[in-house]
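The residues making up each chain are set out below.
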Amino acid sequence: MGTRDPRWVLKDRPSFALIIGLVLTGICALVSFSFDVFNGAPVQFFIALMLASAPVPMLLAAVLALDRMEPEPRSNLIFAFAWGAGVAVLVAGLINSLNLHYIIDTARLSEASARNIAATFGAPVVEETMKGLVLLGMLRFRRAELDGPTDGIIYASMVGLGFAMSENVSYYIAALSGSGVKGLAVTVVLRGILSPLAHPLFSSMIGVGVAYAAQRGGSDRVFYILAGWSGAMILHGLWNGLASYGGFPGLVVAYLALLVVLVVLVGVVFRDRRRIVALIQRYLPPYEPTKLVSEADIHMLSAFARRRQARQWARLHGGKRGLRAMRDYQLAATELGLLHERAARHMVDEQAFHQEQRALLECMSTARADFPGPWVHARPVTRGSPPPGYAAG
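Note that this is a predicted model, so its numbers are computed, not measured. (Residues numbered from 1 in each chain as written. Predicted model: local features only at pLDDT ≥ 70, side-chain atom pairs only at ≥ 80, totals over all residues. Heavy atoms only, no water.)

With that settled, consider the packing of aromatic side chains. For the coordinates displayed, the defined rule picks out seven aromatic pairs. With 6.1 Å between their ring centres and 50 degrees between their planes, Phe79 and Trp83 make a pair best called tilted. Taken together, the positions of Phe79 and Trp83, both in helix α4 (residues 74-107) and four residues apart, correspond to about one turn of that helix. Pairing Tyr329 with Phe371 gives two aromatic rings, centres 5.5 Å apart and planes at 70 degrees, and the pair type is edge-to-face. Here Tyr329 is found in helix α11 (residues 304-344), whereas its partner Phe371 is found in the loop between α12 (350-369) and α13 (375-382), with 42 residues between them in sequence. A single burial state applies to Tyr329 and to Phe371, both of which are buried. Members of the aromatic cluster, each reached through a chain of ring pairs, are Phe33, Phe45 and Phe46. Here Lys131 stacks its cationic end above the ring of Phe163, 5.2 Å away from the centre of that ring. In this structure, Arg191 packs its charged tip against the face of Tyr171, placed 3.9 Å from the ring centre. (Phe/Tyr/Trp six-rings, centres within 6.5 Å; stacked < 30°, edge-to-face > 60°. Helix = DSSP H or I, 4+ residues; strand = E, 2+ residues; numbered from the N terminus. Buried < 20%, exposed > 50% of the residue type's maximum accessible area, 1.4 Å probe, protein only. Lys NZ or Arg CZ within 6 Å of the ring centre and 35° of its normal.)

Listed below in structure tokens is the structure:
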């Protein structure tokens, strides 16, 4: 049986479906950007693109910082971001434009009034649906990757960041064309500095709902998905409506609402981390007879600070090879706890459970073989210093 490296060895190899998906999202992004070029001069487009892209690395780092306990496959994260930046933006933009013209033609309203109505009641439904489709795809084809609400938040945030980046290009071009540099500066402050996480927060409602649905079966799954979808659309509509009709007080209320949602989601992430730690402490002790897990290992795996200390210890005494071994061991052990939870919830059949269990144990065994040797403990002890072990005591 081939080993399954739970980190990247197999998952880093792009599948044919992933390649096709990335090509499709890339084409959609190019089409969307071509509309932006036509709406403004090429120079304006590149200015807008640079301004929209500038905060993305920092925002990605902030989102991925939440994903340290059990990192998601990079290919999935890349596809989620690309979907938001390409397919979701293009289709949502076309539908929103059609909705705007329909409102103008049927209701006989001014363009400004029609835009406010479309932004408040139409855009949230269209945009959250397009972003949420990739999460439904994860539920259908990558359900095993949705181990808890943190995973749903991570994937939803990646979609939202991609969507926001592409959408900001259009907004920046419109501001530069209509109001010049001053209008561009105001728009950049409002969208790129004060509310860069708006779309990720909207989509995270869907991500949490889909993640809870992945942990359950039957009709309950539909309820969680609909609840998350409704929450995303309501939050998005509330944000757009307060910004369109509420003036400055409306913006203040909108930002406070986003702040509350952000605090709640951070709380959900920390609670999910405690759940994963509890799984490690519950399911890994029975593996101690295999010599692949010890009490010190479980102690180390139960806190981020001790995990980081272990990686530092491995790098100090084993270099890059030791560091990678420690990272692989930590991830494989965490995946083993999550695998037991999926089995307890009847999300995986017995054969698949034992197959993955053996693969993860083999990964842990291979990783432990590359840990720094016992000799690194001897020298500090002879000097009267405590051994440089990665677990306290």
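Read on, since the account is not over.
Once that is clear, we can look at the pattern of salt bridges. If charged atoms from side chains of opposite charge come close, those side chains can pair. What the rule picks out here adds up to eleven salt bridges. Taking the shortest distance from any N to any O, the salt bridge between Arg275 and Asp272 comes out at 2.7 Å. Of this pair, Arg275 and Asp272 both sit in helix α9 (residues 247-283), separated by three residues, roughly a single helical turn. You can call Asp272 buried: its relative accessible area is 5%. In this structure, Glu356 and Arg342 form a salt bridge, with 3.3 Å as the shortest nitrogen-oxygen distance. Of this pair, Glu356 sits in helix α12 while Arg342 is found in helix α11, placing the two residues 14 residues apart along the sequence. (Salt bridge = Lys/Arg side-chain N within 4 Å of Asp/Glu carboxyl O.)

Under the local residue numbering, the UniProt record ascribes the feature "transmembrane region" (unreviewed entry) to residues 16-35, 41-65, 77-97, 153-173, 193-214, 221-239 and 251-270. For residues 41-65, the helix share is 84%, the strand share is 0%, and the end-to-end C-alpha distance is 37 Å. Regarding residues 77-97, the helix share stands at 100% and the strand share at 0%, and the terminal C-alpha atoms are separated by 29 Å. (UniProt positions renumbered as here; feature names shortened; annotations may be inferred.)

Close contact between α4 and helix α6 (residues 149-193) brings their axes to 7 Å; oriented N to C, the two are set at 45 degrees. One way to sum up the angle between α4 and α6 is to call them oblique. The handedness of the crossing between α4 and α6 is right-handed. Here Asn76, Leu77, Ala80, Phe81, Trp83, Gly84, Ala85, Ala88, Val89 and Ala92 of α4 lie close against α6, whose contacting residues are Ile154, Tyr155, Met158, Val159, Leu161, Gly162, Phe163, Met165, Ser166 and Glu167. Broken down by class, the residue content of the contact of α4 with α6 amounts to 15 nonpolar, four polar and one charged. (Axes fitted to C-alpha atoms, helices over the stretch in contact; angles between N-to-C directions. Parallel < 35°, antiparallel > 145°, perpendicular 65-115°, else oblique. Left-handed = near helix turned anticlockwise from the far one by under 90°. Contact = heavy atoms within 4.5 Å. Nonpolar A, V, L, I, M, F, W, Y, C, P; charged D, E, K, R; others polar.)

Once that is clear, we can look at unusual backbone geometry. Phi at Lys291 takes a positive value of approximately 70 degrees, unusual for a residue other than glycine. With respect to the secondary-structure elements, Lys291 resides in the loop between α9 and α10 (295-301). Residue His346 is not a glycine yet carries a positive backbone phi of 60 degrees.

Attention now goes to a nonpolar patch on the surface. Taken together, Phe248, Val252, Leu256, Leu259, Leu262, Val263, Val266 and Phe270 make up a surface patch of nonpolar side chains, about 720 Å² in accessible area. Relative to the assigned elements, Val263 resides in helix α9. By relative accessible area, which is 52% here, Val263 ends up exposed. (Patch = residues over 30% accessible without salt bridge, like charges linked within 9 Å, V, L, I, M, F, W, Y side chains within 5 Å. Areas by Shrake-Rupley, 256 points an atom, 1.4 Å probe, with all protein chains shown as cover.)

Moving on: the environment of Leu24. Summarising the element assignment, Leu24 is placed in helix α1 (residues 16-39). You can call Leu24 partly exposed: its relative accessible area is 46%.

Another aspect to go through is the side chain of Glu128. Mapped onto the elements of the fold, Glu128 is located in helix α5 (residues 111-141). Only 2.7 Å separates the side chain of Glu128 from the side chain of His236, close enough to count as a polar contact. Discounting residues that sit within four places of it in the chain, Glu128 has contacts with Ala123, His199, Phe202, Ser203, Ile206, Trp229, Ala232, Met233 and His236. (Polar contact = N/O pair within 3.5 Å; in protein donor to acceptor, adjacent residues only side chain to side chain.)

Looking now at the nonpolar core. Judged by nonpolar contacts, the single largest core of 46 residues is most densely connected at Trp83, Leu135, Leu139, Leu146, Tyr155, Val169 and Val210. Per element, the largest residue contribution to this core is 14 residues, and it comes from α6. Once you skip the residues sitting within four places of it in the chain, Trp83 turns out to touch Thr25, Ala88, Met130, Lys131, Leu133, Val134 and Val159. The next biggest cluster of nonpolar side chains, apart from the first, holds 33 residues, and it includes Tyr287, Tyr329, Leu338 and Val348. (Core = buried A, V, L, I, M, F, W, Y, C linked by side-chain atoms within 4.5 Å.)

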